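Residue-level listing of the chains:
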Amino acid sequence: MIYANNNYLNNLPLISSMNIILLVLDALRSDHLSASGYRRQTSPNIDSLAKNGAFFKNSVTPIPRTSPAVASILTGLYPHSHGIRFLYTTKLNQNVSTMQEILKAHGYTTVGHAIELQDTGLEKGFDVFNPISWRLINKIKRSMKKTLMWEHKADPVDMLTNFGIKQIDRLKGKKFFLYLHYMGIHWPYDPPHPYNEMFDKGYKGEHSFNKADDRLKRGDLIFNNRLQKEENEHAVAHYDGCIRYVDFHVGRLISHLEKNGLMKDTLIILTSDHGEGFGEHNIYFEHGEYLYDETLIVPLIIHHPKLPHKIIESQVQLTDIMPTVMELLGIPLL
């Protein structure tokens, strides 16, 4: 259980029958949040959650890859135990219990949306997971933009937030678990205007860091980066703009909960599956191939009105999330 040995969760009142919202912001480094002291104001809404909740600044992912890390969040187990050890080629051990499965057994309606985790086995225990209607609409919009040069850009971040708000409205009055997986921070770091130039408005240099093709292959960007220092810094500014854009949508969700009087009844968990490298060890715009802090350390925020407001510097793990939720709800794991 998170931080139990340092008395953080000792003697806390149970918060049973609360709604639970799990927000996973893919590829978010903890040290790029302004709540962590970062030099840019990347995350005002996330900062507010951190300020009014428990902010674990040094949460460690068991592996800096999406599907194995999320499986660890949802099961409390390491990859060699839950079965998802690689991307695309391994699936969840169906004998393993998931957080959504246990919550469903205790009267929760469970909804998940994580397109990256399609066909991983993690849909087990969700009443709704990656609904096909959302996937069809998203595909149609993207196809129209590609074939007709349609001016309206399909925006998965906006669409995912709309989906979450719709589910919150649909499930009002019921106990629910809602898992939303945001890909908006992930490479190629392409947020919409004005977020794409928010942190380097005066930049006039090249923009090829996310244009990998036959001329400049992705592997060359990652392992043999020859871009000018200014363009690498420009890429980081884009990444930070992505954080600010996803943060805006986190704010939309929080505002909707507040407007509907649901914040007092909702446990919010915000975290990431892994971080991202920006050349600290001569590896750029990538994760998964190495085990350095820039990809292992992710933020973890747990917010509920009954929980103490505290910044915790000590190290915790993503595997702690599932048993901690059960502890707070008074639900036995066995």
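For the structure itself, consult the block above.
Residues numbered from 1 in each chain as written. Predicted model: local features only at pLDDT ≥ 70, side-chain atom pairs only at ≥ 80, totals over all residues. Heavy atoms only, no water.

Asks: Run through helix α1 (residues 44-51), naming residues and quoting values.
Replies: Each full turn of the α-helix corresponds to 3.6 residues, which orients residues three or four apart in the same direction. Listing the buried residues of α1 in full gives Ile46, Asp47, Leu49 and Ala50. Buried residues of α1 fall within an arc of 160° about the axis and therefore sit on the same side. Tucked into the core, α1 has its buried residues touching β1 (19-25), β2 (54-60), α8 (229-259), β6 (266-271) and β9 (297-303). (Buried < 20%, exposed > 50% of the residue type's maximum accessible area, 1.4 Å probe, protein only. Helix = DSSP H or I, 4+ residues; strand = E, 2+ residues; numbered from the N terminus. Arc of directions from axis to C-beta. Contact = heavy atoms within 4.5 Å.)

Asks: Run through the packing of α1 against α8, naming residues and quoting values.
Replies: Close contact between α1 and α8 brings their axes to 7 Å; oriented N to C, the two are set at 55°. Classed by the angle they form, the pair α1 and α8 counts as oblique. Contacts from Pro44, Asn45, Ile46 and Leu49 in α1 reach Arg244, Asp247, Phe248, Val250, Gly251 and Ile254 in α8. Its residues placed into classes, the contact of α1 with α8 shows 6 nonpolar, 2 polar and 2 charged. (Axes fitted to C-alpha atoms, helices over the stretch in contact; angles between N-to-C directions. Parallel < 35°, antiparallel > 145°, perpendicular 65-115°, else oblique. Nonpolar A, V, L, I, M, F, W, Y, C, P; charged D, E, K, R; others polar.)

Asks: Which residues make up the environment of Pro68, and what are the values?
Replies: Tracing the backbone shows Pro68 in helix α2 (residues 66-75). Residue Pro68 is classed as buried on the basis of its relative accessible area of 0%. With 23 residues separating them in the primary sequence, Pro68 and Lys91 have C-alpha atoms 9.1 Å apart. Leave out the neighbours within four places in its chain, and Pro68 touches Ile63, Pro79, His82, Ile84, Arg85, Phe86 and Leu87.

Asks: Go over the packing of aromatic side chains with me, naming the residues and quoting the values.
Replies: Applying the stated criterion across every chain yields a total of 13 aromatic pairs. Aromatic side chains Phe126 and Phe177 sit 6.0 Å apart centroid to centroid with 15° between the ring planes, which places their arrangement in the stacked category. A residue pair is termed long-range when its members are at least 10 positions apart, and Phe126 in the loop between β3 (109-113) and β4 (128-129) and Phe177 in strand β5 (residues 176-182) qualify at 51 residues. Measuring from ring centre to ring centre gives 6.1 Å for Tyr189 and Phe278, while their planes differ by 65°; the resulting arrangement is edge-to-face. On the criterion of sequence distance, the pair formed by Tyr189 in the loop between β5 and α7 (218-223) and Phe278 in strand β7 (residues 277-278) is long-range, its members being 89 residues apart. Residue Phe278 is classed as buried on the basis of its relative accessible area, which comes to 13%. In this structure, Arg218 packs its charged tip against the face of Trp187, placed 3.7 Å from the ring centre. (Phe/Tyr/Trp six-rings, centres within 6.5 Å; stacked < 30°, edge-to-face > 60°. Lys NZ or Arg CZ within 6 Å of the ring centre and 35° of its normal.)

Asks: Could you give an account of unusual backbone geometry, naming the residues involved and the relevant values?
Replies: Omega for the peptide link from Trp187 to Pro188 comes to 25°, which places this bond in the cis form. Residue placement: Pro188 occurs in the loop between β5 and α7. Cis peptide bonds are those with omega within 30 degrees of zero, and the linkage from His193 to Pro194 qualifies with 5°. Its location among the elements puts Pro194 in the loop between β5 and α7.

Asks: Hey, could you go over the packing of helix α6 (residues 156-170) against α8 for me, with residue numbers and the actual values?
Replies: Contact pair α6 / α8: the axes reach a minimum separation of 10 Å and the direction vectors enclose 15°. Relative to α8, the element α6 is oriented roughly parallel. Here the hand of the crossing between α6 and α8 comes out right-handed. Along the contact surface, α6 presents Val157, Asp158, Thr161, Asn162, Gly164, Ile165, Ile168 and Asp169, while α8 presents Tyr245, Val246, His249, Arg252, Leu253, His256 and Leu257. When the residues that make up the contact of α6 with α8 are grouped by side-chain class, the tally is 7 nonpolar, 5 polar and 3 charged. (Left-handed = near helix turned anticlockwise from the far one by under 90°.)

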